[in-house]
Amino acid sequence: MALSLAVSPCPNDTFVFHALVHGLIPGAEPVELTFADVDVTNTAAERGAFDLVKVSFAALPWLLDDYDLLPCGGALGRGCGPLVLTRGDGRFADGDLSGATVAVPGDRTTAYLLFRLWSEKHPPARIEVVPFHQIMPGVAEGRFDAGLVIHEARFTYPRHGLTALVDLGEWWEGDTGLPIPLGAILARKGAVDPAEAAEWIRKSVSMAWADPDASREFVLSNAQEMEPEVVQQHIGLYVNEFTLDLGQEGFAAADALLGRASAAGITPAVKPLAG
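Residues numbered from 1 in each chain as written. Predicted model: local features only at pLDDT ≥ 70, side-chain atom pairs only at ≥ 80, totals over all residues. Heavy atoms only, no water.

Focus on the overall build of the protein
Then step 1. Regarding its fold elements, the protein presents eleven helices and eleven strands.
Then step 2. Contacts spanning at least 24 positions in sequence make up 78% of the contacts within the protein whose residues lie at least 6 apart.
Then step 3. Surface accessibility of the protein: about 11800 Å² in total, with carbon and sulfur atoms responsible for 49%.
Then step 4. Here the protein holds 19 positive side-chain charges and 36 negative ones, and the gap between their average locations is 5 Å. (Helix = DSSP H or I, 4+ residues; strand = E, 2+ residues; numbered from the N terminus. Contact = heavy atoms within 4.5 Å. Areas by Shrake-Rupley, 256 points an atom, 1.4 Å probe, with all protein chains shown as cover. Lys, Arg positive; Asp, Glu negative; His and termini not counted. Charge placed at Lys NZ, Arg CZ, Asp CG, Glu CD.)

Observations regarding the sheet that holds strand 7 (residues 101-104)
Then step 1. Pairing within the open sheet is mixed, and its five strands lie in the order 8-7-9-6-10. Every other strand in the sheet has two partners, leaving strand 8 (126-129) and strand 10 (163-167) as the edge strands with one partner each. Across the sheet, the mean angle separating the axes of adjacent strands is 25 degrees when strand polarity is ignored.
Then step 2. Where strand 7 lies against strand 8, four bridges are found, and the strand directions are parallel. Along strand 8, the bridge assignment pairs Val102 with Ile127.
Then step 3. The strands touched by helix 3 (residues 110-118) are strand 6 (83-86), strand 7, strand 8, strand 9 (146-149) and strand 10; relative to strand 9, the strand with the most contacts, the crossing angle is about 130 degrees.
Then step 4. Sitting on the sheet, helix 6 (residues 168-176) touches strand 6, strand 9 and strand 10, and the angle it makes with strand 10 is about 25 degrees. (Pairing = 2+ DSSP bridges. Axes fitted to C-alpha atoms, helices over the stretch in contact; angles between N-to-C directions.)

Some details on the environment of Ala264
Then step 1. By the secondary structure assignment, Ala264 is in the segment after helix 11 (247-263).
Then step 2. Assessed through its relative accessible area of 32%, Ala264 is described here as partly exposed.
Then step 3. In this structure Ala264 touches Leu117 and Glu120, once residues within four positions along its chain are discounted. (Buried < 20%, exposed > 50% of the residue type's maximum accessible area, 1.4 Å probe, protein only.)

What to know about the packing of helix 6 against helix 11
Then step 1. Where helix 6 meets helix 11, the closest approach of the two axes is 12 Å, and the angle between their N-to-C directions is 100 degrees. Viewed along their axes, helix 6 and helix 11 adopt a mutual orientation that is roughly perpendicular. Contact with helix 6, carried on its side by Trp172, Asp175 and Thr176, involves Ala253, Ala256, Leu257 and Arg260 of helix 11 and no other residues of that element.
Then step 2. When the residues that make up the contact of helix 6 with helix 11 are grouped by side-chain class, the tally is four nonpolar, one polar and two charged. (Parallel < 35°, antiparallel > 145°, perpendicular 65-115°, else oblique. Nonpolar A, V, L, I, M, F, W, Y, C, P; charged D, E, K, R; others polar.)

Quick word on the packing of helix 3 against helix 6
Then step 1. Following both chains from N to C, one finds helix 3 and helix 6 inclined at 65 degrees, their axes separated by 10 Å at the closest point. Considering how the two elements wind past one another, helix 3 and helix 6 form a crossing that is left-handed. Contact residues: helix 3 offers Ala111, Leu114, Phe115, Leu117 and Trp118, while helix 6 offers Leu168, Trp171 and Trp172.
Then step 2. Residue composition of the contact of helix 3 with helix 6, grouped by class: eight nonpolar, no polar and no charged. (Left-handed = near helix turned anticlockwise from the far one by under 90°.)

Some words on the nonpolar core
Then step 1. Formed by 53 residues in total, the largest nonpolar core has its most connected members in Phe57, Leu60, Leu69, Leu97 and Phe115.
Then step 2. Apart from residues lying up to four places away in sequence, Phe115 is in contact with Val84, Leu97, Val102, Pro124, Ile127, Leu148 and Leu168.
Then step 3. With 29 residues, the next largest nonpolar core counts Val7, Ala197, Ala223 and Val230 among its residues. (Core = buried A, V, L, I, M, F, W, Y, C linked by side-chain atoms within 4.5 Å.)

Quick look at the structure:
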């Protein structure tokens, strides 16, 4: 039987997993692909719904009893952090969101965890979890005072007449000196050998880099109406050296994020991931 794989339809994931999904990795198990946004996979992974699954690093404290963290295939980096957007009317220019209603894309996403750490002293009055595609229009129309956005919104938010109140990536990097740990790839214990899975994914990444045209049709067909230039910006930002190997710095970033979250009482404590 094929292994079940769940990733997002975003260009970084379709680019990275194209070769594995299409049976181009010698010796790799066949996979059955499901596309789902990360807020969906975070919850599905708690039920053990997939053998290989992309989740938020912020969700790991609830998942590591049943899954192994793979050292590749995920999304970490610099200059790729979530943004807090407003209409730019000056109401929140000091960064104090007290009294505000903020739309977020998921309650166990890394974006929302970073937001909670950043706004700890002045938390908003209300959080609404809404589908990602509704956040920027909702802020522009006044339904929300601010919105937390990720991925391609870094390139498209000015089209909605919005202003970036804070780049949480810049805040995180400035505070820690570490890259931002956004998305992780997990392997379900007992279903797939984590070392083998990591090798398949690394080969898939390397093949994508070696021949970007091979995955182009697959990437564009699932890119949710993104223009080709935005797709390329997206891949260039989120597929990097940490995709091939988290390395010491990547693990340190994840441990720092989860350590701060635990200390703030936001998530359960976990053992150091690098250990």
